[in-house]
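Structure assessment
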Amino acid sequence: MRQNFSFWRKVGYIGVIVLLLFPLFWIGQPATRTATGSNPGGVLARLRAENNLSQAELGEIDPAGESFKLATLGLRGVAANLLWEKSFEYKKREDWDGLSATLNQITKLQPNFITVWEHQSHNLSYNVSMEFDDYRMRYHWVKKGVDFLVEGIRKNRENPRLLHYTGWIIGQKIGRADEHVQFRELFRRDEDFHNSLNADVPIDKAHGWDGRPDNWLVSQLWYQRAERAVDAGIPLKGKSPLIFYASDPMSLINYASTIEEEGVLGDTAQQAWYEADQGWSQYGRRAIPTSWGHNIRLGEYEQVNDDIKRMEKRLAELAPGVAAQIRQEKIAALDPALRAALDLSEAQLTDENYAQHYDAQKRTEVTHREVAERAPSENRAAALSLAERLSTQELMSSRISHYRGIVNYEYWALRCQAEQTKTAVDARESLYKAQQAHDAADLETARSLYEQSWRLWRQTYDKFPGLMDDLTADDLTNGIKRYQRLLQQLDEQIPADFPLGDLLQKSVDRDEGIKEMYRQFNEASRAAERSKDEPTAKPTDQPPTKPEATKPEAAKPDAAARMPDTPAETASSADAKAESEKPKSEPADTKIEPEAAKAKPDSAEPKPAEPKPDEPKPAEPQN
């Protein structure tokens, strides 16, 4: 009996399994196409088609990869993890061939796992490449990282993150590495690499000033392709839209800055900065999605603030004097300690009273809603509506300002405008030529060009003072340090009239090499100030020339008499000038003689006359 029960239980299990095969077949039936029509397949096939999740929709189908997946018998994830660990082992052993083979196997198992492509391409371009001493081998592995990403893009059609990261490696790794000078030149000459990339982006549109592809401009093409993918509706996952859209114009800025460093100046540099300015302005007009659920435009910050001022003025007209009245009431309600803290100026704030001052300010703030609620009854409805719109605009202004700060929007806009001016271009050209003359040991020419550059930079900073607070100033300090070394070679110190003294002051905390130069500049400046405070005219140590008996003694000069034009003009010339300016009515033989200069009758030789306190003293000759 027990054996029969066991038998029938097994038969029941088999029957249930067979019955379950029918719904599984119905759910998992693949889509098919025949000459007479097409079958959309089961539920899973239709869901994949509706959400573009099938491999045919995601990217190219790799037959070897599909076979590899089937061979794992459902253990694809386990196999991918084992291979992932194996890749790190190969990297530690510096077995680069084994590493490449392992990465290829991972991508065949998990072709749609985006992180694999990003991580391993970074590993190839940044980590593996640094294991070689020869920059040509390093460049080779940077290219392998780019090729790895391009293959991932083909397996994951138009994925914005992979497209963007491809542009990042081509731009930043080739253009910012320690070997960027060599990398950029190798890239310009690498026609085979250009041909392979030309299948994905139009390299011919990325030619630089010399007619060859430039890595920064090629990276821009990849950024633009990524933007087109997002604009077409492909979601951007795991990346901030603010940073994502900033990469396109920043590639133009990096291109303009780099060619200037390489000595490409003049009209070419001006044009490059003009195009960068256009790109940055377009970025300011783009609608940027935010984490608050609405879009902002970075370039509308000034317009939003103008709207706020206009609405505040209108609210004051609807409720005249109400804001001031409410604030006075709030101040009167404060306790004496807070009221005293509220009146403190910024210079009087300390660590002890700052909290009270801030608390008092918060307590006495008047909101637009409070003003609108106390507006006259005939204006109250309009005031309440206006107050609500004012609060919305202020919130928008705050959020735009926050996003602008993240990408340093104002600085880059200012720099693009300044760098395309002729003064800034000439300043950079003079600095570049000065450094070349310095390298050629032509010290006097180098000093003249350096000083010309500093004067031009002074004009630029006077017109665009915001440039002094960021990257341009940091770049310029390197040239100033070379100028300091030049002065040391000439056994000189920085002059007191150095035009960029304020830049030195700002750079002291950021650059240790500037401290000594700033100290010398301060000493020279203080010495120059002391010389200004000292009297410019001193009595001469030499006695005056013995007066001749036949000539009348010089009259006392008038208060408006001209002082010597040059240090070489002596006291005798001043006397001659005073003699020539005597009134015509005075007799020619009349002597105007100071009392102290009268000699005794029996004196053989008159004593030198001492000048009176109100009499101008002869200037001391200076060397």
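Structural data are supplied above this passage.
A quick note: this is a predicted structure, and the numbers were derived from the prediction, not measured.

Things to note about the overall build of the protein chain
Counting its secondary structure elements, the protein chain contains 27 helices and 4 strands. Taken over 623 residues, the protein chain has a buried fraction of 36%. Considering only residue pairs separated by 6 or more positions, the protein chain has 67% of its internal contacts joining residues 24 or more positions apart. Carbon together with sulfur atoms contributes 52% to the accessible area of the protein chain, which is approximately 37,100 Å² in total.

Considerations on helix α6 (residues 96–109)
The end-to-end C-alpha distance of α6, which contains 14 residues, comes to 20 Å, matching closely the 20 Å that a straight helix rising 1.5 Å per residue would cover. The opening residue of α6, the one whose side-chain oxygen lies 3.1 Å from the backbone nitrogen of Gly98, is Asp95.

A closer look at the pattern of salt bridges
On inspection of all chains with the given rule, the structure shows 40 salt bridges. Residues participating in the shared-partner salt-bridge network are Glu185, Arg188, Arg189, Asp210 and Arg212.

Describing unusual backbone geometry
Located in the positive-phi region is Glu158, a residue other than glycine, with phi close to 55°. Within the secondary structure layout, Glu158 lies in the loop between α8 (135–155) and α9 (160–176).

Notes on the side chain of Arg225
Considering the arrangement of structural elements, one finds Arg225 in helix α12 (residues 215–231). When its relative accessible area of 12% is taken as the criterion, Arg225 is described as buried. The contacts of Arg225, once residues within four sequence positions are left out, are Ile153, Glu158, Leu163, Asp200 and Val201.

Some thoughts on a nonpolar patch on the surface
Taken together, the side chains of Val16, Ile17, Leu20, Leu21 and Leu24 define a hydrophobic patch exposed on the protein surface, amounting to about 490 Å² of accessible area. In this fold, Leu20 is placed in helix α1 (residues 2–28).

Some remarks on the environment of Asn198
Mapped onto the elements, Asn198 comes out in the loop between α11 (191–197) and α12. Classification of Asn198 by relative accessible area gives partly exposed; the value is 38%. Those residues in contact with Asn198, other than ones at most four positions away along the chain, are Ile203 and Asp204.

Some details on the packing of helix α5 (residues 76–93) against helix α7 (residues 114–128)
One can describe the packing of α5 onto α7 by two numbers: an axis separation of 13 Å at closest approach and a directional angle of 0°. Relative to α7, the element α5 lies roughly parallel. Listed contacts from α7 to Trp84, Ser87, Phe88 and Lys91 of α5 are Val116, His119, Gln120, Asn123 and Asn127. Among the residues forming the contact of α5 with α7, the class breakdown is 3 nonpolar, 5 polar and 1 charged.

With respect to the nonpolar core
Core analysis: the largest hydrophobic core is formed by 119 residues, its most contacted members being Tyr283 and Trp454. Among the elements that line this core, the one with the most residues is helix α13 (residues 241–261), at 10 residues. Discounting chain neighbours no more than four positions away, the residues touching Tyr283 are Leu242, Tyr245, Ala246, Pro249, Ile288, Leu298, Val407 and Tyr409. Among the nonpolar cores identified, the runner-up in size contains 5 residues, and Ile331, Leu334, Leu338 and Ala360 belong to it.

Basis of the calculations
Residues numbered from 1 in each chain as written. Predicted model: local features only at pLDDT ≥ 70, side-chain atom pairs only at ≥ 80, totals over all residues. Heavy atoms only, no water. Helix = DSSP H or I, 4+ residues; strand = E, 2+ residues; numbered from the N terminus. Buried < 20%, exposed > 50% of the residue type's maximum accessible area, 1.4 Å probe, protein only. Contact = heavy atoms within 4.5 Å. Areas by Shrake-Rupley, 256 points an atom, 1.4 Å probe, with all protein chains shown as cover. Expected span 1.5 Å × (residues − 1). Polar contact = N/O pair within 3.5 Å; in protein donor to acceptor, adjacent residues only side chain to side chain. Salt bridge = Lys/Arg side-chain N within 4 Å of Asp/Glu carboxyl O. Patch = residues over 30% accessible without salt bridge, like charges linked within 9 Å, V, L, I, M, F, W, Y side chains within 5 Å. Axes fitted to C-alpha atoms, helices over the stretch in contact; angles between N-to-C directions. Parallel < 35°, antiparallel > 145°, perpendicular 65-115°, else oblique. Nonpolar A, V, L, I, M, F, W, Y, C, P; charged D, E, K, R; others polar. Core = buried A, V, L, I, M, F, W, Y, C linked by side-chain atoms within 4.5 Å.

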